[in-house]
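A structural walkthrough
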Amino acid sequence: QVQLVESGGDLVQPGGSLRLSCAASGNRINIYTMGWYRQAPGEQRALVASISLNGRITYADSVKGRFTISRDNAKGTVYLQMNSLKPEDTAVYYCNAKHALVESMNYWGRGTQVTVSS
């Protein structure tokens with residue numbers, strides 16, 4: 001079992017920055033692909049960024065060049081640095097951990113709200 005707790009969501013003006021953190025406990029995250037997803041009300045949850053065991057990173061086209069995902073396995077923490085934020089980035093952001101081999105071992109945090117508005 002992996003427990004995930006997101007933090008760092010806030011109200012921020014367009015063009016501003018936030019750093020989200022995902023603290024994991026219960027198991028070592030070095031055996032998981034970690035990801036950030038987001039979901040706005042009435043919309044489908046969508047992948048924002050993911051980082052594999054060996055550091056391979058994938059970004060959604062909408063955030064390339066603005067967001068950076070990273071992981072610190074020793075601390076059991078995954079980060080999402082968000083720069084040049086746009087109103088379209090407003091959503092609940094969720095942390096995800098997916099086992100490298102056992103795909104059914106898939107865990108989610110409860111989410112943290114990011115609101116980008118003037």
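See the structure printed just above.
As a starting point, this report considers the structure included with it. (Residues numbered from 1 in each chain as written. Predicted model: local features only at pLDDT ≥ 70, side-chain atom pairs only at ≥ 80, totals over all residues. Heavy atoms only, no water.)

This brings us to the sheet that holds strand 1 (residues 3-7). One open sheet holds the four strands; their spatial order is 1-3-8-7, and the pairing between them is antiparallel. Across the chains shown, the open sheet's two edge strands, defined by having one partner strand only, are strand 1 and strand 7 (67-72). The sheet shows a mean angle of 15° between the axes of neighbouring strands, taken without regard to direction. Alignment of strand 1 against strand 3 (residues 18-25), held across five bridges, turns out to be antiparallel. In the strand pairing of strand 3, Leu4 is matched with Ala24. (Pairing = 2+ DSSP bridges. Helix = DSSP H or I, 4+ residues; strand = E, 2+ residues; numbered from the N terminus. Axes fitted to C-alpha atoms, helices over the stretch in contact; angles between N-to-C directions.)

Considering all chains together, one arrives at three salt bridges under this definition. The closest approach of N and O atoms between Arg66 and Asp89, which form a salt bridge, is 2.8 Å. With Arg66 in the loop between strand 6 (57-59) and strand 7 and Asp89 in the loop between strand 8 (77-82) and strand 9 (91-99), this pair connects stretches of sequence that are 23 residues apart. Note on Arg66: relative accessible area 10%, which makes it buried. (Salt bridge = Lys/Arg side-chain N within 4 Å of Asp/Glu carboxyl O. Buried < 20%, exposed > 50% of the residue type's maximum accessible area, 1.4 Å probe, protein only.)

Moving on to the environment of Gly8. Locating Gly8 in the fold gives a position in the loop between strand 1 and strand 2 (11-12). For Gly8 and Leu18, which are 10 residues apart along the polypeptide, the C-alpha to C-alpha distance reads 7.0 Å. What Gly8 contacts, discounting residues up to four positions off in sequence, is Leu18, Arg19, Leu20 and Thr112. (Contact = heavy atoms within 4.5 Å.)

Considering the arrangement of structural elements, one finds Glu6 in strand 1. One buried charged residue, Glu6, remains without a salt bridge, the closest side chain of opposite sign being Arg45 at 7.4 Å. Among the polar contacts made by the side chain of Glu6, one reaches the main-chain amide nitrogen of Cys95 at a distance of 2.7 Å. Side-chain polar atoms of Glu6 contact the backbone nitrogen of Gly111, separated by 2.9 Å. If sequence neighbours within four positions are ignored, Glu6 has contacts with Ser21, Cys22, Trp36, Tyr93, Tyr94, Cys95, Gly109, Arg110, Gly111 and Thr112. (Lys, Arg positive; Asp, Glu negative; His and termini not counted. Polar contact = N/O pair within 3.5 Å; in protein donor to acceptor, adjacent residues only side chain to side chain.)

Take it as geometry only, folks, not as evidence of what the structure does.
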